[in-house]
Amino acid sequence: MKTNRPIRKTSRFSQARWASYALAAGATALAGPPTAEAEIHYSGQVNYKFDKTSRGSETHSFPLSQGIVLVGSRYVRGAVDNSATLRIDGPAVSSAFRNPDYFTSTSASALPREAVISHGRFNGFGLGGLQDYDCEFRDWQGPGTFYAGFRFNTGAGVQYGWVRIKWGGCSYNGYIVKDYAWGDPGDQIKAGQRKLREAETPVAPQAAQRAEAAPVAASLGSLGLLALGGVGLQARREARRAGE
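Residues numbered from 1 in each chain as written. Predicted model: local features only at pLDDT ≥ 70, side-chain atom pairs only at ≥ 80, totals over all residues. Heavy atoms only, no water.

Caption draft 1: Layout of the state of the cysteines. Tallied over the full model, the rule gives 1 disulfide. Here Cys135 pairs with Cys170 through a disulfide, and the sulfurs are 1.8 Å apart. Judged by the sign of its S-S torsion, about -90°, the cystine formed by Cys135 and Cys170 is left-handed. Highlighted residues: Cys135 in the loop between strand 7 (127-131) and strand 8 (144-153) and Cys170 in the loop between strand 9 (158-167) and strand 10 (175-183), separated in sequence by 35 residues. (Disulfide = S-S within 2.5 Å. Helix = DSSP H or I, 4+ residues; strand = E, 2+ residues; numbered from the N terminus.)

Right under this line is the structure:
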């Protein structure tokens, strides 16, 4: 009979799959209304060069969030007498750069790709020295491509980010800001990471919204589905279509 068809369909599903769907739906119900998924904000290719040869300073700002900017600068005194610095400006509650363990001042660590930005010491000054006049910062000696990690807080929580730098070597201290990115509060991002990986985002609620989850509706009943909110209503509609 038509009323028995949903029951026959549900019997095809293993207890394990039933449990996974029920768990996904329950997780959505406990979490409350859907919220916007966190994201990583990526600059795209920038390729801004700090390489002037005449004496004086060169500075450029790169926008971050809510008036916060990442500032790159280089001060030229002569062919072998230059310095390079990063800093964070704007209305931040606090800002800082990842700092090498061997140096306690305002130097910035030269991080490898995929280093977790938050796993380390931060200097707390909002300044990240790449290199000084006498090449005292060990991380920024020979040329290469490195990442500097930073954090800032606009009042909603700490946000971590990275900037990729093609370094010209000391004591020339010229460099190129290739690109940069930062996460939302709570994101634990890695150097070079441009988007959240699927494995790092909740997927259980998505499973409960698939069409194949409809048989769960027959066992939960209308009131139970309504209690589960949007996911339950979707499952209820799928169950009705399956019984037509």
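Caption draft 2: The arrangement of unusual backbone geometry in detail. The amide bond that connects Cys170 to the next residue, Ser171, takes the cis arrangement and shows omega of 15°. Structurally, Ser171 is set in the loop between strand 9 and strand 10. Phi is positive for Asn173, close to 60°, though the residue is something other than glycine. Structurally, Asn173 can be placed in the loop between strand 9 and strand 10.

Caption draft 3: Quick look at the packing of aromatic side chains. Under the counting rule described, the total for this entry stands at 13 aromatic pairs. An aromatic cluster of three or more residues is present, and its members are Tyr48, Phe50, Phe62, Trp140, Phe146, Trp167, Tyr175, Tyr180 and Trp182. Seen from the ring of Tyr133, Arg77 lies directly overhead, with NZ or CZ sitting 4.1 Å from the centre. (Phe/Tyr/Trp six-rings, centres within 6.5 Å; stacked < 30°, edge-to-face > 60°. Lys NZ or Arg CZ within 6 Å of the ring centre and 35° of its normal.)

Keep in mind that these numbers describe shape and distance, not what the molecule does.
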